[in-house]
Amino acid sequence: MARLDRPVPRSAAAVSPLAVTADVLQETLHFRQPPDTLLARTLRGPQRFGPRLREAIGDALFAALRDLPRWHWLAAQRLGQTLTGEPDIARCRADRAWCEAVVRLAWPAAALPVLAERDPAAAEAVAVWQAQAATVDLSCAPLTVQWGGPSWLIDRWRAAVGDEVAELAAALRRPAPLDLRVNALRAKRDAVLAELQGAGLPAVPTAHAPWGIRLPQRTPLQGLEAFRRGAIEVQDEGSQLIAALVGARRGETIVDFCAGAGGKTLALGADMRDSGRLYAFDTVARRLQTLPERARRAGLTQVQPMVLVGEDDPRLARLAGKIDRVLVDAPCSGLGTLRRHPELMWRHTPATVADMAALQQRILHAAARLVRPGGRLVYATCSLLAEENEAVADAFQAAMGDVFEPLDAAVLLADARVREPETLVERGCLRLWPHRHGTDGFFAAAWRCR
């Protein structure tokens, strides 16, 4: 298959949307880049698809990834292959016929008219395949087919939520809504809600986060005046709640230890009212590249991005014991974000999760050295797995209990004006589940330095 970063020139009329979608699916399963990145690069090529067809291709790709075991099962039946509940990803990505079959089965019914305008024969074939697939009884298929995940992950879901596992699996297969955080430096939530609703958008307040607004999936923001003037930022409600747990105050010195693109950094800066000092650390420079411009639009002048060579960067020594609040939004499997990144469930294994947990422990201990006596440390992930969450927090507590005392997340969230905080907390820690809370899956624990 041709590399997607060097597209082979083809005439627009000759390119099948199904073939392009299969191209991106096949490349996604190599896990070198996220599917949205591959998709954007591919659709910049010579195909010249219109906006409706581009949207349909994206919908088909993510529909394929969200329910891959079911499409795998049905594709194998159609192709006369051996039925297995769990896809062998290495074999699947090498099988072009399988990729094309999955795309035909996963193509959204609502997007069939758009496909028919470009390729009537392909649309007809898709309709026939999907009609036949609809007659297949999946009630006796393996649980991986019914619940849409690898068996090792399903076992962990079941251990965590018991009889709710089917609800959790279904929630993770649904597209996520679009959550916004109102920038308190620029606007009030009620005013922004009225502005968005006045523009014809079905905006509603988030259920818990005091600055959150929820919109349906795929709402273009760049044309909105509220976005241009920095009054809103895209941020899942769960991520907003983690920032609230930090409890940032005016005039403090705060570190976002694993800042990434800086979404939580911006939320912390707003809570600080652009005062004090706010460090944004990361070990990958490109993750921080857009932060200065985002901070400027948000009206923040105190953000200081810094690229670290690792969690033991010698420059951290000068900050030891001096920081009021440290957020460790640790690198993790991301398995709480499957609504947005469904490919991650096939990228990870129990071994990669164990490696993540070891890294998380090292980062948490390194970040803890920065906290001053009386200061606050918050550890967070966007994972649903106990190995990356409670196990890491418990191990830290066992090792550092003489220096750090745990804080009750329900109390901290109530102080931050979060609604119904007690419904968001398990064992004193923030624990968010997509099927219960309508957010991505998040975990956070907090401590006070003695």
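### Let's talk about the pattern of salt bridges
- Going through the model one piece at a time under the given rule, you end up with 31 salt bridges.
- A salt bridge links Glu233 to Arg294, with the shortest nitrogen-to-oxygen separation between them at 3.1 Å. Of this pair, Glu233 sits in strand S4 (residues 232-234) while Arg294 sits in helix H16 (residues 291-298), and the two are 61 residues apart along the sequence. The pair formed by Glu233 and Arg294 is uniform in burial state, with each residue classed as buried.
- Asp236 is the salt-bridge partner of Arg340, the closest N and O atoms lying 2.7 Å from each other. Of the two residues, Arg340 sits in the loop between strand S8 (323-329) and helix H17 (344-347) while Asp236 sits in the loop between S4 and helix H14 (237-246), which places them 104 residues apart along the sequence.
- With a relative accessible area of 9%, Asp236 lands in the buried category.

### Focus on the packing of aromatic side chains
- All told, the structure shown has five aromatic pairs when counted by the stated rule.
- Ring geometry for Tyr279 versus Phe281: centroids 5.7 Å apart, planes at 40 degrees, classification tilted. Comparing Tyr279 with Phe281, the two get one shared label, buried.
- Aromatic side chains Tyr379 and Phe443 sit 6.5 Å apart centroid to centroid with 65 degrees between the ring planes, which places their arrangement in the edge-to-face category. A residue pair is termed long-range when its members are at least 10 positions apart, and Tyr379 in strand S9 (residues 371-381) and Phe443 in strand S13 (residues 442-449) qualify at 64 residues. Assigned by exposure class, Tyr379 and Phe443 land together as buried.
- Within the aromatic cluster, the residues linked to one another by ring pairs are Phe257, Tyr279 and Phe281.
- Directly above the aromatic system of Trp71 lies the positively charged group of Arg70, at a separation of 4.3 Å from the ring centroid.

How each quantity is defined
- Residues numbered from 1 in each chain as written.
- Predicted model: local features only at pLDDT ≥ 70, side-chain atom pairs only at ≥ 80, totals over all residues.
- Heavy atoms only, no water.
- Salt bridge = Lys/Arg side-chain N within 4 Å of Asp/Glu carboxyl O.
- Helix = DSSP H or I, 4+ residues; strand = E, 2+ residues; numbered from the N terminus.
- Buried < 20%, exposed > 50% of the residue type's maximum accessible area, 1.4 Å probe, protein only.
- Phe/Tyr/Trp six-rings, centres within 6.5 Å; stacked < 30°, edge-to-face > 60°.
- Lys NZ or Arg CZ within 6 Å of the ring centre and 35° of its normal.

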